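Coordinates in review
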Amino acid sequence: MIRQAKGKTPRRPPPKKTSNNQKDPVGVYCRARPLGADDEECCIEVISNTTIQLHAPDGLKANRNGEFKETQYSFKKVFGIKTTQRELFEDVAKPLVEDLIHCKNGLLFTYGVTGSGKTHTMTGSPGLGGLLPRSLDMIFNSIGPYQAKRYVFKPDDKNGMEVQNQVDALLDRQKRDSQSTVPKTPTTRRIDPEFADMISPEDACRADGVDEDSSYSVFVSYIEIYNNYIYDLLEETPFDPIKPKPPQSKILREDQNHNMYVAGCTEVEVKSTEEAFEVFWRGQKKRRIANTQLNRESSRSHSVFIVKLAQAPLDADGDNVLQDKNQVNVSQLCLVDLAGSERTSRTRAEGSRLREAGNINQSLMTLRTCIEVLRENQMCGTNKMVPYRDSKVTHLFKNYFDGEGKVRMVVCVNPKADDYEETLLVMRFAEMTQEVEVARPVDRPICGFTAGRRQRNQAFKDELTRRLEERGGPVDGEFPTILNQLLQSFPPLPPCELSGPNDDVTLPRLIEALEKRHRVRQMMIEEYNKTANMLKSVLQEQDGNIVSKENFIHEQRGKLGEKDKMIQNQKNEIDRLEKKSKMLEYKIDILQKTTNIYEEDKRSLQHELESREQRLQREMSEKRRMESRMQGIVTDAKLKWEKECERRVNAKQLEMQNKLWVKDEKLKQLKAIVTEGKTENRQPQRPSREKDKVPPKRSASPSPAPTAPPVRPLHRRSHSAGGERWVDHKPTSNVDLDTVLQLNLPNAIKVNAPNEKALSKCDKYVLTHQELASDGEIQTKLIKGEVFRTRGGGQAVQFTDIETLKQENPVVASSRKRRSSESGQDGEPMEGDWTDVETRCSVALEMRAGSNLGPGYQHHGYTKRRKP
């Protein structure tokens with residue numbers, strides 16, 4: 001039966017873990033690359049090993065009116081252009097590798113503008129290996145002698161590790177050896193110009209405090225995040241040169257410990273630095289091929305190289321890995337090369353390339369947002385949700401910011417002036433990042449057997465083999481004393497010499513002695529096993545007690561550290577409050593002085609306000625006097641103009657009446673000419689005064705037309721006659737007057753109510769409106785306008801003209817009177833009595849006939865009056 005054990009990745013303490021409030025800030029380092037040419041303008045200056053200064057280039061100052069000033073930024077350490085790869089590794093990555101070997105996780109990523117040296121810092125070049133190859137070399141230099149055989153540890157595809165027994169591991173190794181396609185671990189360094197001699201032998205280093213009683217295995221995986229999709233660079237896919245298939249994206253999942261991992265990602269077990277870097281370079285070549293096929297830049301994607309270290313303690317014999325799933329620990333180190341941080345306008349990309357740059361910038365912006373929210377939660381005490389899920393990069397590494405390992409960042413900067421604005425943004429992000437604190441992971445002790453058992457068991461085996469080879473048989477006096485005592489406790493052997501072929505006593509006696517010795521040996525073996533088991537249980541119990549005490553001591557030290565930190569925080573808080581109190585007292589003094597100044601200003605302003613109010617009162621009284629005076633003047637002028645207007649109106653009425661009288665006389669003359677034959681014998685009579693007659697009652701309806709010979713109806717030509725198309729709006733309440741002159745609009749759309757459909761087809765509009773005039777007759781108004789379109793797509797009408805059509809009754813029209821004076825004393829009618837139309841017409845006709853009027857009418861027989 002196969003016994004397997006699962007590990008936990010990344011390592012998380014048990015549910016009842018000791019709380020640790022100790023936090024460490026994110027380690028942010030800065031590295032400046034040299035300029036490409038000596039004559040280029042530089043905008044960066046290294047002030048010290050922790051401070052860097054940025055100054056705006058001259059051209060930018062001229063364009064921005066010198067608003068950019070020199071700014072300084074502090075880091076944990078600044079590496080200048082003369083810094084070697086080894087010095088950078090020892091300060092930045094070496095502590096993370098040591099934590100990896102001691103069951104702690106780590107995250108290291110490079111950040112900066114495209115062309116600032118991120119890839120050189122992470123990968124390096126032949127002879128100048130970067131952080132990645134040096135980390136792999138240090139891992140294998142430290143655990144090389146203690147590595148487990150291949151396939152003893154096996155990934156379970158759920159972010160965990162299984163421990164296989166020796167039989168299953170052997171079968172997997174034989175299966176691997178039989179497959180020629182799988183490259184074996186090289187026994188010597190391959191001569192590949194792309195990654196050969198990355199690290200010189202004198203630069204090799206190893207970690208201290210490696211547990212010799214544990215067995216180790218290293219697994220690597222290599223992924224790429226492009227356009228917010230995850231691709232596996234180590235996945236074996238069949239290559240089709242005719243129709244190549246695009247790579248399949250991977251998804252993120254959460255394991256049972258709530259840690260994020262890439263589901264279905266290939267994890268390759270490696271046994272040497274050369275094999276590990278060969279796997280890395282295989283992924284690099286696949287990445288280059290994909291970039292060539294998809295026509296994209298490698299700087300526009302994030303690359304993540306993950307190193308997993310599985311370790312488990314050895315059993316009591318020190319030969320095999322302990323088959324206990326609770327004793328398997330998996331730690332990982334993520335080396336991330338982020339995409340270049342630059343604005344999309346500088347990339348000069350279009351179409352899909354522009355969307356690609358936008359997605360990359362969006363993922364980097366999400367990283368900045370997460371850092372800002374973490375910083376705000378820690379500094380302000382808020383509990384805002386960190387948007388890890390907005391980007392694959394932040395979602396994958398969210399556990400590190402929650403306290404699952406150390407986080408370090410290397411900010412790479414290019415000192416040339418063209419990258420000043422992008423470098424300024426990078427510096428601000430780095431300054432904000434190092435203010436974020438990450439919880440310090442708690443050490444998890446491995447509960448196993450006595451330390452040093454591997455070395456002691458190996459030494460015992462070597463010594464026993466050497467002595468057996470030298471002696472070739474039993475050893476007398478050179479074995480330990482306890483071994484001699486055990487041999488002496490056996491019963492002595494009887495003489496073994498045979499007296500003859502018929503000797504039947506010696507052999508049975510020897511057989512009986514040997515059987516006794518065998519029984520004693522079995523009893524001693526049982527006693528030894530019993531004692532060994534008892535001693536083993538006692539040792540395990542003592543080990544458990546020691547570990548529990550160590551855990552208790554560690555817990556107490558943690559609590560003591562928390563108390564010390566609490567005391568220090570309280571002291572800092574007291575100092576801060578004292579400074580704040582002094583500052584507030586100083587502000588109170590300033591505010592008191594400011595208040596006194598304001599009080600004086602208030603008094604002066606109040607005095608000035610009172611004086612101005614008095615002045616305003618005087619002005620108001622003067623204004624009232626002037627208003628009363630002007631009101632009297634206006635009243636007098638109004639009365640004067642009313643009289644003048646009344647006089648002018650009377651004069652105008654008299655003038656108009658005279659004109660009307662002249663026209664009536666002309667009409668009478670015309671009538672006399674027409675009816676001359678009938679009126680020869682008729683004597684002219686003075687018509688009755690119109691004021692003595694009662695005018696007939698008029699109704700709102702039109703009066704019947706007088707009897708007349710049939711006349712061909714004529715149409716009045718309206719001003720609107722033309723080539724335009726009209727909307728003729730006649731409400732249903734209008735009355736048909738049956739007049740001779742009618743409104744005629746050819747090709748017009750007649751509607752009872754305006755609508756958008758009719759307005760959209762025409763460009764003119766007329767509304768026929770009827771109302772009662774002051775004399776009781778119906779008055780028709782033609783209200784005309786122009787139709788135009790509005791911005792919203794509708795129709796609107798702008799009225800431009802109004803025509804008035806009025807109908808009069810001749811009986812009522814003849815009742816108009818001219819204003820006249822009273823009659824004379826002799827009773828004869830005065831000139832004002834002859835104001836009606838009929839009288840004036842009759843007088844005009846009589847004058848036309850040449851007859852003499854009576855004595856009372858002589859003053860009317862004058863020549864036709866001229867137009868005044």
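Residues numbered from 1 in each chain as written. Predicted model: local features only at pLDDT ≥ 70, side-chain atom pairs only at ≥ 80, totals over all residues. Heavy atoms only, no water.

**Here's the deal with the overall build of the chain**
- A tally of helices and strands in the chain yields 18 helices and 26 strands.
- Buried residues in the chain amount to 36% of all 868 residues.
- If you take every contact in the chain between residues at least 6 apart in sequence, the share linking residues at least 24 apart comes to 72%.
- As presented, the chain carries roughly 54500 Å² of accessible surface, and 52% of it is formed by carbon and sulfur atoms. (Helix = DSSP H or I, 4+ residues; strand = E, 2+ residues; numbered from the N terminus. Buried < 20%, exposed > 50% of the residue type's maximum accessible area, 1.4 Å probe, protein only. Contact = heavy atoms within 4.5 Å. Areas by Shrake-Rupley, 256 points an atom, 1.4 Å probe, with all protein chains shown as cover.)

**Considering the nonpolar core**
- Within the largest apolar cluster, 54 residues are counted, with the highest numbers of intra-cluster contacts made by Phe 75 and Phe 397.
- A per-element tally of this core places helix H12 (residues 420-433) first, with 7 residues.
- When residues no more than four places from it in sequence are discounted, the contact partners of Phe 397 are Leu 107, Val 304, Cys 334 and Val 336.
- The next biggest cluster of nonpolar side chains, apart from the first, holds 45 residues, and it includes Met 198, Ala 207, Leu 233 and Phe 280. (Core = buried A, V, L, I, M, F, W, Y, C linked by side-chain atoms within 4.5 Å.)

**Comments concerning the pattern of salt bridges**
- Following the criterion strictly, the structure yields 26 salt bridges and no others.
- Residues Lys 559 and Glu 555 are paired through a salt bridge, measuring 3.6 Å at the closest nitrogen-oxygen approach. With Lys 559 and Glu 555 both in helix H15 (residues 506-674) and 4 residues apart, the pair spans about one turn of that helix.
- Classification of Lys 559 as partly exposed rests on a relative accessible area of 40%.
- The structure contains a network of salt bridges with shared partners spanning Glu 644, Arg 647 and Arg 648. (Salt bridge = Lys/Arg side-chain N within 4 Å of Asp/Glu carboxyl O.)

**Digging into a negative patch on the surface**
- A cluster of acidic residues, Asp 38, Asp 39, Glu 40, Glu 41, Asp 58 and Asp 418, forms a negative patch on the protein surface.
- Counting through the fold element by element, Asp 39 comes out in the loop between strand S2 (27-32) and strand S3 (44-46).
- Residue classification places Asp 39 among the exposed residues on the basis of a relative accessible area of 71%. (Patch = residues over 30% accessible without salt bridge, like charges linked within 9 Å, V, L, I, M, F, W, Y side chains within 5 Å. Lys, Arg positive; Asp, Glu negative; His and termini not counted. Charge placed at Lys NZ, Arg CZ, Asp CG, Glu CD.)

**Section: a nonpolar patch on the surface**
- A surface patch of nonpolar side chains, about 310 Å² in accessible area, is lined by Met 583, Tyr 586 and Ile 590.
- Within the secondary structure, Met 583 sits in helix H15.
- Judged by relative accessible area, which is 43%, Met 583 ranks as partly exposed.

**Describing the sheet that holds strand S25 (residues 778-789)**
- Strand order in this open sheet of 5 strands is S23-S22-S24-S25-S26, and the pairing throughout is mixed. Single-partner strands in this sheet number two, and they are strand S23 (749-751) and strand S26 (795-806). Strand-to-strand twist of the sheet, defined as the mean angle between neighbouring strand axes without regard to direction, takes the value 25°.
- Bridge count for strand S22 (residues 726-729) against strand S24 (residues 764-772) is 4 bridges, and the pairing is parallel. Looking at the pairing, Val 727 lines up with Tyr 765 of S24. (Pairing = 2+ DSSP bridges. Axes fitted to C-alpha atoms, helices over the stretch in contact; angles between N-to-C directions.)

**A few points about unusual backbone geometry**
- Despite not being glycine, Cys 103 has its phi angle at roughly 65°, a positive value.
- Looking at the secondary structure, you find Cys 103 in the loop between helix H3 (94-101) and strand S7 (106-112).
- On the accessibility criterion, Cys 103 (8% relative accessible area) is buried.
- Unlike most non-glycine residues, His 258 shows phi in positive territory, near 65°.

**Some remarks on the packing of aromatic side chains**
- Inspection of every chain in the model, using the stated rule, returns 10 aromatic pairs.
- Relative to Phe 305, the ring of Phe 280 has its centre 5.3 Å away and its plane inclined at 90°; by these criteria the two rings are edge-to-face. Of this pair, Phe 280 sits in helix H7 (residues 273-294) while Phe 305 sits in strand S18 (residues 302-313), and the two are 25 residues apart along the sequence. Accessibility classification places Phe 280 together with Phe 305 in one group, the buried group.
- Judged by centre distance (6.0 Å) and plane angle (65°), the ring pair of Tyr 765 and Phe 799 falls under edge-to-face. Of the two residues, Tyr 765 is situated in strand S24 and Phe 799 in strand S26; the sequence distance between them amounts to 34 residues.
- Judged by its relative accessible area of 6%, Tyr 765 is buried.
- Assessed through its relative accessible area of 48%, Phe 799 is described here as partly exposed.
- The ring centre of Phe 429 lies 5.9 Å from the NZ or CZ of Arg 368, which sits over that ring. (Phe/Tyr/Trp six-rings, centres within 6.5 Å; stacked < 30°, edge-to-face > 60°. Lys NZ or Arg CZ within 6 Å of the ring centre and 35° of its normal.)

**Quick look at the packing of H3 against helix H5 (residues 131-143)**
- H5 packs onto H3 with a crossing angle of 40° between their chain directions and a minimal axis gap of 10 Å. In terms of axis orientation, H3 runs oblique to H5. Both H3 and H5 take part in a crossing whose hand is right-handed. Contacts from Lys 94, Val 97, Glu 98, Leu 100 and Ile 101 in H3 reach Ser 135, Met 138, Ile 139 and Ser 142 in H5.
- Residues of the contact of H3 with H5, tallied by class, amount to 5 nonpolar, 2 polar and 2 charged. (Parallel < 35°, antiparallel > 145°, perpendicular 65-115°, else oblique. Left-handed = near helix turned anticlockwise from the far one by under 90°. Nonpolar A, V, L, I, M, F, W, Y, C, P; charged D, E, K, R; others polar.)

**A closer look at H12**
- Taking 1.5 Å of rise per residue, the 14 residues of H12 would be expected to cover 20 Å, and the 20 Å separating its terminal C-alpha atoms lies within 8% of that figure.
- Among the 14 residues of H12, 10 are classified as buried, and the element is accordingly described as predominantly covered.
- Within H12, the full set of buried residues consists of Tyr 420, Glu 422, Thr 423, Leu 424, Val 426, Met 427, Phe 429, Ala 430, Met 432 and Thr 433. (Expected span 1.5 Å × (residues − 1).)

**What to know about the sheet that holds strand S4 (residues 51-54)**
- Taken together, 3 strands build an open sheet; the order of strands is S3-S4-S5 and the sheet is antiparallel. Sheet topology places S3 and strand S5 (71-74) at the edges, where each strand pairs with a single neighbour. Adjacent strand axes in the sheet meet at a mean angle of 25°, parallel and antiparallel pairs treated alike.
- Bridge count for S4 against S5 is 4 bridges, and the pairing is antiparallel. Residue Ile 52 lies in a different strand from S5, and its bridge partner there is Tyr 73.

**A word on the environment of Glu 162**
- Inspection of the secondary structure assignment puts Glu 162 in strand S11 (residues 161-163).
- Taking relative accessible area as the criterion, Glu 162 reaches 16% and is therefore assigned buried.

**Remarks on the packing of helix H2 (residues 85-92) against H5**
- Following both chains from N to C, one finds H2 and H5 inclined at 65°, their axes separated by 10 Å at the closest point. Considering the relative orientation of H2 and H5, their crossing is right-handed. Within the contact between the two elements, H2 uses Gln 85, Arg 86, Leu 88 and Phe 89 and H5 uses Leu 131, Arg 134, Ser 135 and Met 138.
- Each residue belonging to the contact of H2 with H5 can be placed in one class, and the counts come to 4 nonpolar, 2 polar and 2 charged.

**A few points about the pairing of strand S19 (residues 329-337)**
- With 9 of 9 residues buried, S19 lies mostly within the body of the structure.
- Bridge count between S7 and S19: 5 bridges; the pairing is parallel. Note that in S19 the partner of Gly 106 across the bridge is Leu 333.
- With 9 bridges connecting them, S18 and S19 associate as antiparallel partners. Residue pairing in the sheet places Val 304 in a bridge with Val 336 of S19.

**Digging into the pairing of strand S13 (residues 229-232)**
- The pairing of strand S12 (residues 214-226) with S13 spans 4 bridges and is classified as antiparallel. Note that in S13 the partner of Ile 225 across the bridge is Ile 230.

**Some words on the environment of Gln 779**
- Position of Gln 779 among the secondary structure elements: in strand S25.
- Ignoring anything within four residues of it in the chain, the contact list for Gln 779 reads His 769, Gln 770, Glu 771, Ala 773, Thr 804, Leu 805 and Lys 806.

**Some words on the confidence of the model for the chain**
- Scored by pLDDT, the chain has a mean of 77; 73% of the residues are at 70 or more.
- Here helix H18 (residues 837-849) is the element of the chain with the lowest mean pLDDT, 41, and strand S17 (residues 268-270) is the one with the highest, 95.
- In the predicted structure, residues 184-191 sits below a pLDDT of 50 and forms 15 contacts with residues beyond four places in sequence or in another chain. (pLDDT = per-residue confidence, 0-100.)

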